[in-house]
Amino acid sequence: MTFSKKRLFYLAIIILIICDLILLGYVAFHSVDISFKKTVYAFDFIVCIILWAEFIYSYTHSEDRKQYLRDNAISIAGMFPLDFMFLRALRLIKLVNFIKKFVLTQENKSFEKFLKRTLLDKIIPFSMIFIFVIAILIRFADNSINDISTAFWYTLASMTSTGYGDVVPTTFSGRLIGIIAMVGGILIFSTFTAVISSIYVSKISNDNHDNLESKIDDLNAEIKELNEKIDELKKEND
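Residues numbered from 1 in each chain as written. Predicted model: local features only at pLDDT ≥ 70, side-chain atom pairs only at ≥ 80, totals over all residues. Heavy atoms only, no water.

1. Thoughts on the overall build of the chain
The line we're drawing: Segments assigned H or I by DSSP are reported as helices when at least four residues long, segments assigned E as strands when at least two residues long, and all are numbered from the N terminus. Each residue is assigned to one of three classes by its accessible area relative to the maximum for its type, calculated with a 1.4 Å probe on protein chains only: buried under 20%, partly exposed between the two thresholds, exposed over 50%. Reported accessibility uses the Shrake-Rupley method at a 1.4 Å probe radius. Residues are deemed covered only where the shown protein chains occlude them.
Within the chain, the secondary structure is distributed over 10 helices and 0 strands. The helix and strand sequence of the chain, counted from the amino end, reads α-α-α-α-α-α-α-α-α-α. Here the chain holds 238 residues, and the buried ones make up 29% of them. Summing over all exposed atoms, the chain offers an accessible surface of approximately 15700 Å²; the carbon and sulfur share of this is 65%.

Below is the structure:
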């Protein structure tokens, strides 16, 4: 598989953002040396500069600059190198956007239309942000959940309504966040279910339409043959 320069650039940014988020998450929830923390923040600053440079370049070369700003308004806040976890969570939107750009550089117009028609280009980033924010909130709101991996496990278990019971919030704020996770999970997964259902319904509808057109073509061909035979009979009688 050969990659163009643009695809390689997008792939490099995707890798940088993933590494940046992992490092920021590690220093946020673990006790590390001050020099290592400074190195991570310096790396984060460089990543933000690259993101801003790409944003400015894409904005200046965009056909509709106002629409480009509207589409990227939320993710702009995630490009600032600020030590604030909820702003950094918005960088997940940039990650999804670059993954989408990486895929769409194959010039697959049907896939692009599919994303826009099903709104998956908006649903997926929102779902990622929701999971991240709920996990961070439950981590700090409830003392019984003392590490970020447990917080993510509890968030996903609550969103999917699995309820294993191995992790249970003990504070009022923790239970309130758990309720938000449950309701949000129901809405998100029901949306994904609706998208999948619409895909199958559309596929079945298209297949039925194709079959109907095929049958109509066959009938038209038979009618044409009958007309030709009638014309031949008329000529013989004349």
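2. Structural notes on a negative patch on the surface
The condition is simple: Patch membership requires more than 30% relative accessible area and the absence of a salt bridge. Residues of like charge join within 9 Å; the nonpolar side chains Val, Leu, Ile, Met, Phe, Trp and Tyr join within 5 Å. Within this document, salt bridges are pairs made up of a side-chain nitrogen of Lys or Arg and a carboxyl oxygen of Asp or Glu, the two lying within 4 Å of each other. Neither His nor the chain ends contribute to the count of charged residues, in which Lys and Arg are positive and Asp and Glu negative. To locate a charge, take atom NZ for lysine, CZ for arginine, CG for aspartate or CD for glutamate.
Taken together, the side chains of D217, D218, E222, E225, E228, D231 and E232 define an acidic patch exposed on the protein surface. Secondary-structure assignment places E228 in helix α10 (residues 172–237).

3. Examining the nonpolar core
Heads up, the condition is: Here, nonpolar core means buried Ala, Val, Leu, Ile, Met, Phe, Trp, Tyr and Cys residues that are tied together by side-chain atoms lying within 4.5 Å of each other.
Membership of the largest hydrophobic core comes to 34 residues, with the highest contact counts inside it found for I17, L51, F98, I129, I138, I145 and A151. Where this core is concerned, the elements lending two or more residues are α1 (5–29), α2 (34–60), α6 (91–104), α8 (120–141), α9 (148–159) and α10.

4. Things to note about the packing of α8 against α9
Defined as follows: For helices, the fitted axis covers only the stretch in contact; all axes are lines through C-alpha atoms, and the angles between them, taken along N-to-C directions, range from 0 to 180 degrees. Throughout this description, any angle smaller than 35 degrees is read as roughly parallel, any larger than 145 degrees as roughly antiparallel, any in the 65 to 115 degree range as roughly perpendicular, and the remainder as oblique. Each crossing is labelled by how the near helix is turned from the far one, with a counterclockwise turn of less than a right angle marking it left-handed and a clockwise turn marking it right-handed. Only heavy atoms matter for contacts: two residues are in contact if any of them lie within 4.5 Å across the pair. Each residue gets one of three labels, nonpolar for Ala, Val, Leu, Ile, Met, Phe, Trp, Tyr, Cys and Pro, charged for Asp, Glu, Lys and Arg, and polar for the others, Gly among them.
Here α8 crosses α9 at 120 degrees, and the two axes come no closer than 8 Å. In this view, α8 runs oblique relative to α9, as classed from their interaxial angle. For the pair α8 and α9, the crossing hand works out as right-handed. For the pair α8 and α9, the contacting residues are F130, I131, F132, I134, A135, I136, I138 and R139 in the first and I148, A151, F152, Y154, T155, L156 and M159 in the second. Here the contact of α8 with α9 is built from residues that sort into 13 nonpolar, 1 polar and 1 charged.

5. Observations concerning α1
The following threshold applies: Multiplying 1.5 Å by the helix residue count minus one yields the expected span of that helix.
If you check α1, its first and last C-alpha atoms are 36 Å apart, about what 25 residues at 1.5 Å a residue would give, namely 36 Å. Here α1 has its buried residues at R7, Y10, I13, I14, I17, D20, L24, V27 and F29.

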